[in-house]
Amino acid sequence: MNANKAIKNEIIALLAKKKLTRKQLLAMLKMKFDVEDRTMRRLIVELIEEGYCIASSGTGYELIRTPERLNETVRYINSYIIDMRHRIETLKRNFENQQQLKLF
């Protein structure tokens, strides 16, 4: 079994037991694997794409087991989408303003 598959299996096993903060999950994984935070987060995204229902929030990770938890997760993700959309529009506006200043 390759390392990423083993780490993914461990993530699912740990989250099946209880909700964990990002730091807790990473610390538990580091007991068995040489894994960094960014890799762990990428593997969680891959697990979701593979069909697992994993909630992430400011308080950590957990398996989604109820419609309510799914809705909370969707709201959390949507808040990021709204923030990113606002950032995109602000960057576009700033760039346009800078281009206009260069004309003078």
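See the structure shown above.
Residues numbered from 1 in each chain as written. Predicted model: local features only at pLDDT ≥ 70, side-chain atom pairs only at ≥ 80, totals over all residues. Heavy atoms only, no water.

Visitor: Report on the environment of Gly60, specifying residues and quantitative values.
Guide: Here Gly60 is to be found in strand E2 (residues 60–63). Taking relative accessible area as the criterion, Gly60 reaches 5% and is therefore assigned buried. When residues no more than four places from it in sequence are discounted, the contact partners of Gly60 are Lys19, Leu20, Thr21, Arg22 and Ala55. (Helix = DSSP H or I, 4+ residues; strand = E, 2+ residues; numbered from the N terminus. Buried < 20%, exposed > 50% of the residue type's maximum accessible area, 1.4 Å probe, protein only. Contact = heavy atoms within 4.5 Å.)

Visitor: Give me the lowdown on the pattern of salt bridges, citing residues and values where you can.
Guide: Enumeration over the complete set of coordinates arrives at 11 salt bridges. Of the charged contacts in the structure, one is a salt bridge between Lys8 and Glu50, with a shortest N-O distance of 2.5 Å. Here Lys8 is found in helix H1 (residues 3–17), whereas its partner Glu50 is found in the loop between helix H3 (37–49) and strand E1 (54–57), with 42 residues between them in sequence. Residue Glu50 is classed as partly exposed on the basis of its relative accessible area of 48%. A salt bridge links Glu62 to Arg69; the nearest nitrogen and oxygen atoms lie 2.6 Å apart. Members of the salt-bridge network, linked through shared partners, are Lys8, Arg42, Glu46 and Glu50. (Salt bridge = Lys/Arg side-chain N within 4 Å of Asp/Glu carboxyl O.)

Visitor: Describe the packing of aromatic side chains, and please don't skip the residues or the numbers.
Guide: Taken as a whole, this structure holds one aromatic pair when the rule is applied. For the ring pair Tyr76 and Tyr80, a centre distance of 5.1 Å and an interplane angle of 75° mean the geometry is edge-to-face. One end of the pair is Tyr76 and the other is Tyr80, both in helix H4 (residues 67–102) and four residues apart, which spans about a single turn. You can call Tyr80 partly exposed: its relative accessible area is 44%. (Phe/Tyr/Trp six-rings, centres within 6.5 Å; stacked < 30°, edge-to-face > 60°.)

Visitor: Could you give me a rundown of H3, with the residues and numbers involved?
Guide: For H3, with 13 residues, the first-to-last C-alpha span of 19 Å sits near the 18 Å given by 1.5 Å per residue. All of the buried residues in H3 are Asp37, Met40, Leu43, Ile44 and Leu47. Seen from one end, H3 has its buried residues packed into an arc of 125°, which puts them on one side. In H3, the exposed positions that point more than 90 degrees away from the buried face belong to Arg38 and Glu49. In this structure, the buried residues of H3 make contact with H1, helix H2 (22–30), E1 and E2. Just downstream of H3 lies Gly51, where phi reads positive at about 120°. (Expected span 1.5 Å × (residues − 1). Arc of directions from axis to C-beta.)

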